[in-house]
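# Summary of structural features
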There are 2 protein chains.
Amino acid sequence: MKIFALLITLSLASITSATTVDRIIATALADSNAYLRLGEMCDVVGSRLNGSPGMTRAIAWTLEKMLEDGLIDVRAEKVMVPHWVRGEEKAHVVLPWERPLQILGLGGSVGTPFGGITADALVVADFEELEARADEAEGRIVVFATQWEGYGKTVQYRGHGAKEAARHGAVACLVRSVTNNSLDTTHTGVMRYAAPEDSIPRIPAAAITVEDSELLLRQARRGLPIRIHMKMGARMLDDAPSANVIGEVRGSEKPEEIVLVSGHLDSWDPGCGAHDDGAGVVLAMEVARQLLKLDRPPRRTVRVVLWADEEMTQQGGLAYLNAHQDELPRHVAAMESDSGGYPPAGFSVTADSLIIDKVRTLAAPLAELDADHIREGWSGVDIRNIVETGVPGIGHRVHNDSYFDIHHSAADTFDKVDAEAMAQNVAAMTALIYIIADAEESLRD
Amino acid sequence: MKIFALLITLSLASITSATTVDRIIATALADSNAYLRLGEMCDVVGSRLNGSPGMTRAIAWTLEKMLEDGLIDVRAEKVMVPHWVRGEEKAHVVLPWERPLQILGLGGSVGTPFGGITADALVVADFEELEARADEAEGRIVVFATQWEGYGKTVQYRGHGAKEAARHGAVACLVRSVTNNSLDTTHTGVMRYAAPEDSIPRIPAAAITVEDSELLLRQARRGLPIRIHMKMGARMLDDAPSANVIGEVRGSEKPEEIVLVSGHLDSWDPGCGAHDDGAGVVLAMEVARQLLKLDRPPRRTVRVVLWADEEMTQQGGLAYLNAHQDELPRHVAAMESDSGGYPPAGFSVTADSLIIDKVRTLAAPLAELDADHIREGWSGVDIRNIVETGVPGIGHRVHNDSYFDIHHSAADTFDKVDAEAMAQNVAAMTALIYIIADAEESLRD
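### Section: the interface of chain A and chain B
- In this assembly, 35 residues from chain A lie in contact with 35 residues from chain B.
- Around 2600 Å² of area is buried between chain A and chain B when both sides are counted, 56% of it from carbon and sulfur atoms.
- Interface area lost by chain A to chain B is led by Asp 43, Trp 97 and Leu 183 of chain A, which between them contribute 29%.
- With a shortest N-O distance of 3.2 Å, Lys 90 of chain A and Glu 88 of chain B are connected by a salt bridge.
- Breaking the side of chain A that touches chain B down by element, the ones donating at least two residues are α2 (33-45), α6 (210-221) and α11 (403-406) of chain A.

### What about the sheet that holds strand β5 (residues 117-124) of chain A?
Residues and elements named next belong to chain A.
- Taken in spatial order, the eight strands line up as β3-β2-β9-β5-β6-β7-β8-β4 in an open sheet, and their pairing is mixed. The strands lining the two open edges of the sheet, one partner per strand, are β3 (99-100) and β4 (104-105).
- Sheet analysis places strand β2 (residues 89-95) next to β3, joined by two bridges and oriented antiparallel. Its bridge partner lying in β3, His 92 is registered against Pro 100.
- Packing against the sheet, helix α5 (residues 151-167) makes contact with β6 (141-144), β7 (172-176) and β8 (205-208), and its axis sits at approximately 150° to β7.

### Comments concerning unusual backbone geometry
- Omega for the bond connecting Asp 276 of chain A with Asp 277 of chain A falls within 30 degrees of zero, at 0°, which places this linkage in the cis form.
- In this fold, Asp 277 of chain A is placed in helix α7 (residues 274-291).
- Cis rather than trans, the peptide bond between Leu 95 of chain B and Pro 96 of chain B has omega equal to 10°.
- Along the chain, the position of Pro 96 of chain B falls in the loop between β2 (89-95) and β3 (99-100).
- A positive phi angle, close to 65°, is found at Asp 184 of chain A, a residue other than glycine.

### Some details on the relation of the copies chain A and chain B
- It takes a turn of 180° to lay chain A on chain B, together with a shift of 0.0 Å along the axis; the resulting RMSD is 0.0 Å. What the rotation and shift describe, once combined, is the action of a two-fold rotation axis. No C-alpha of chain A lies nearer the rotation axis than that of Leu 183 of chain A, which sits 2.8 Å from it.
- Most of the interface of chain A is mirrored in chain B, where 100% of its interface residues are also at the interface.

### Some remarks on helix α12 (residues 419-438) of chain B
Residues and elements named next belong to chain B.
- The terminal C-alpha atoms of α12, which comprises 20 residues, lie 28 Å apart, in line with the 28 Å expected from a rise of 1.5 Å per residue.
- For α12, the buried fraction is high: 17 of the 20 residues fall into the buried class.
- The backbone nitrogen of Glu 420 has a side-chain oxygen 3.4 Å away, supplied by the residue at the start of α12, namely Asp 418.

### So, the packing of aromatic side chains
- According to the stated counting rule, one finds 20 aromatic pairs over all chains in the structure shown.
- Taking the centre distance of 5.4 Å and the plane angle of 80° together, the rings of Trp 307 of chain A and Tyr 320 of chain A count as edge-to-face. Here Trp 307 of chain A is found in strand β12 (residues 300-307), whereas its partner Tyr 320 of chain A is found in helix α8 (residues 315-323), with 13 residues between them in sequence.
- Residue Trp 307 of chain A is classed as buried on the basis of its relative accessible area, which comes to 0%.
- Residue classification places Tyr 320 of chain A among the buried residues on the basis of a relative accessible area of 0%.
- Each ring, one from Phe 144 of chain B and one from Tyr 157 of chain B, has its centre 5.5 Å from the other, and the planes form 55°; the classification is tilted. Of this pair, Phe 144 of chain B sits in strand β6 (residues 141-144) while Tyr 157 of chain B sits in helix α5 (residues 151-167), placing them 13 residues apart in sequence.
- The structure contains a cluster of three or more aromatic residues connected by ring pairs, namely Trp 148, Tyr 151, Tyr 342, Tyr 403 and Phe 404 of chain A.

### Here's the deal with the side chain of Gln 314 of chain B
- If you trace the backbone, Gln 314 of chain B turns up in the loop between β12 (300-307) and α8 (315-323).
- Ignoring any residue separated from it by four or fewer positions in sequence, one finds Gln 314 of chain B in contact with Asp 309, Val 381, Asp 382 and Arg 384 of chain B.

### So, the packing of α2 of chain A against helix α12 (residues 419-438) of chain A
All names here are of chain A.
- In the contact formed by α2 and α12, the axes pass within 7 Å of each other and the chain directions differ by 115°. Between α2 and α12, the contacting residues are Ala 34, Tyr 35 and Leu 38 on the first element and Ala 419, Met 422 and Val 426 on the second.
- Partitioning the contact of α2 with α12 into residue classes produces six nonpolar, no polar and no charged.

### Brief notes about the sheet that holds strand β8 (residues 205-208) of chain B
Residues and elements named next belong to chain B.
- Spatial ordering of the open sheet is given by β3-β2-β9-β5-β6-β7-β8-β4, a layout of eight strands whose pairing is mixed. Sheet topology places β3 and β4 (104-105) at the edges, where each strand pairs with a single neighbour.
- Where strand β7 (residues 172-176) meets β8, four bridges bridge the pair, whose relative direction is parallel. Within β8, the residue paired with Leu 174 across the bridge is Ala 206.
- Lying on the sheet, α5 is in contact with β6, β7 and β8; it crosses β7 at an angle near 150°.

### Quick notes on the pattern of salt bridges
Residues and elements named next belong to chain B.
- Summed over the entire model, instances satisfying the criterion amount to 65 salt bridges over all chains.
- Two residues, Asp 31 and Lys 293, come together in a salt bridge whose shortest N-O distance is 2.7 Å. Of this pair, Asp 31 sits in the loop between α1 (2-29) and α2 (33-45) while Lys 293 is found in the loop between α7 (274-291) and β12, placing the two residues 262 residues apart along the sequence.
- On the basis of relative accessibility, which here comes to 40%, the residue Lys 293 falls in the partly exposed class.

### Description of the confidence of the model for chain A
- Residues at a pLDDT of 70 or more form 96% of chain A, whose mean pLDDT is 96.
- Across the interface, the model reports ipTM at 0.95; the global pTM reads 0.94.

### Thoughts on the pairing of β12 of chain B
Residue and element names in this part refer to chain B.
- Within β12, eight of the eight residues are buried, which leaves the element mostly enclosed by the surrounding structure.
- Pairing of strand β10 (residues 235-249) with β12 involves five bridges; the strand directions are antiparallel. Considered in β12, the bridge of Val 249 is made with Val 302.
- Once you follow strand β11 (residues 254-264) into α7 and on to β12, the crossover reads as right-handed.

### Describing the environment of Lys 90 of chain A
- Note that Lys 90 of chain A resides in strand β2.
- Measuring from C-alpha to C-alpha, the distance between Lys 90 of chain A and Leu 104 of chain A comes to 8.8 Å, with 14 residues separating the pair along the chain.
- Once you skip the residues sitting within four places of it in the chain, Lys 90 of chain A turns out to touch Ile 103, His 229, Met 230 and Lys 231 of chain A together with Glu 88 of chain B.
- Here the side chain of Lys 90 of chain A touches Glu 88 of chain B through a polar contact of 3.2 Å, side chain to side chain.

How each quantity is defined
- Residues numbered from 1 in each chain as written.
- Chains lettered and ligands numbered in written order.
- Predicted model: local features only at pLDDT ≥ 70, side-chain atom pairs only at ≥ 80, totals over all residues.
- Heavy atoms only, no water.
- Contact = heavy atoms within 4.5 Å.
- Buried area = accessible area lost by both parts, 1.4 Å probe.
- Salt bridge = Lys/Arg side-chain N within 4 Å of Asp/Glu carboxyl O.
- Helix = DSSP H or I, 4+ residues; strand = E, 2+ residues; numbered from the N terminus.
- Pairing = 2+ DSSP bridges.
- Axes fitted to C-alpha atoms, helices over the stretch in contact; angles between N-to-C directions.
- Least-squares fit on C-alpha atoms with pLDDT ≥ 70 in both.
- Expected span 1.5 Å × (residues − 1).
- Buried < 20%, exposed > 50% of the residue type's maximum accessible area, 1.4 Å probe, protein only.
- Polar contact = N/O pair within 3.5 Å; in protein donor to acceptor, adjacent residues only side chain to side chain.
- Phe/Tyr/Trp six-rings, centres within 6.5 Å; stacked < 30°, edge-to-face > 60°.
- Nonpolar A, V, L, I, M, F, W, Y, C, P; charged D, E, K, R; others polar.
- pLDDT = per-residue confidence, 0-100.
- Right-handed = clockwise from strand over helix to strand, strands pointing away.

Pasting the structure below:
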């Protein structure tokens, strides 16, 4: 009975706002601002590593754009973030014959001694082989020549390879880039050392290309001697100030209730972080810009949040949790876009199944965008903390089959972004945020 | 009447040798030696730039393989080749903001002064824009941010960009890599300076990625200041000794008549030159190895030639022309494979149209391999000289749509090679070489 009443309410809400939603979608599809703005961000801001000049530019640039667009309460909320610097990187293969070796240090890695490290390599296919050959690791550079088995599984080698290699006495660690397609491409990303109490040394860790990983593995299998020289200037500095950049569209009836829409402002340093997560940043900003075109803003406040430090330790999400504790019960939903600006595929919701059903009903008008597919699942790492307090989390899903070709690499650039897909994402995200923000009944009721 | 007689002759020849050709094809398709050998070449030899240790290893390795296979008259015929060395390369963008810039020097380029060159960039879309803005080039680094319009047209910028930029006073030249697909990939290749009598200075020239080319062009169009620092240690040394590696399968009836089958042994230095032209090298060797499995060798001698110096100035082809002048009238045909080891697509013949028709008839048994498509056209740069003396030239064609993704880059590696395609190429090339070498009537008669 309760569900029946709910469905009627939702249907009525649907009918009354149908013309507005249709207008939102039509307007967004005809507007190339998100695409053009992402281009501008790539061109005038660039990559946005924690503590870098690029991140500073990004904060200023997004504040300026939000003000231009007419958002209110535009501000940068300070967040202290880990400040890792890459420094100079250089490597070459000494044996079986001398050749340059492209390396890209993993985020958080220590550097080598100034003169670099020269050592024989132990090339292994996976953690199992390392364990089986643990007595060969001492003093070696361990190379994880791990085949791609999807991001979730393969990324374990980037995250934990150095720790596992160091546990057995390795002096450095090289990891096959976490991708399945390569044209001589290195991919970085965060890595983690063991806790200090585990007494496992911190050794330098870098990614190599798929091509070099395959070559080194084949050479090792042939019994050829493999010796590598690598030099990395990486180091961790004191924490640096960064910020969550925030702006709002004030709700017309229930301004104290908040629908959050977000992307993360930081990125890795190679490339421009165009898809990861420049796309999410401009999409979140664009949702507000599109809503401000309406005759009447939605009932609830829509808050745009551009997170600091997604890539390393998610201090942005944590800082928001701490600074906005008292508001969290009034957060009706939180959306994060962090899967790239590819064509929309729907949304993934972290919430009770009744709420997921509600979102599914509310998203029905997105069918023309093929964005009405709602499934239960992960919604985003930056909103995770507030989602754990009970805020329904909504992850923006896209058809990103080629995402890991460019993810965390110098190939994550604006030329890989499609204008039409960006406009479709604006339409889908704006429509769903509007519907949730304007619904008579809160998603959480 | 003559043509009719010819057709009858060919039909009879076809029938008599049909079982042998079918056996050649079946045997080749079941044999993975070419694929495995290409892997070994990539692993134990590596890239093969003129004058490099890799080229020296390649000469020794191919001589050894030919002897192992049972070829006769196996020898390295000395060829003096240009000896260009890359040296250290490093660049970064200074303005609009500091970032690393991946560069890959073009073959033949001079280096920069030891301290490098720092200069404002003039970014142009094409030669026309450079001409229109010639008065802005003085003292600048000219960046050719040229869109891909197919290899033949786009490669003009790699070949002649430096000369055209220097003509207007530029101090260095950067060229968008000659490819249409990039994942942060640089592609080298040969470039040419103006003749000394033209008094155009020789300026350093390097390739940049598609991503950086697009970014720099967009930034320039926005009016942003662009300043680049680049350092290249490239220089041309005295000519170095290299060799055409040659071996033969002695003909059983007309050993003095020669059917030549070839690929080029040298490569660019990034990657392994797996497709360009490691594939052609192992395929040419494999044709001989397969023929040696027959109960009776073909009537004519099959000569395998692995050319020196295709990539820079084709001294290998020239040296062969000069050393084998008296034999050329007895060269019945010359085949070159230099389009990669992709699935076979047929052959392209440089000869009189009557001969092309003959080849088309002879190639009919290759239909099952989809390799019976014979067209008039270019057959190969290394055999060009002897083809100009009247030897029918046969170019091995493949379905290489993705060739320029990896061409002359560090992504031209064994992981891009398909075992089945290699076996199909062995079958197609061996079958056609056998048919020509064993035909009663010479292709040139």
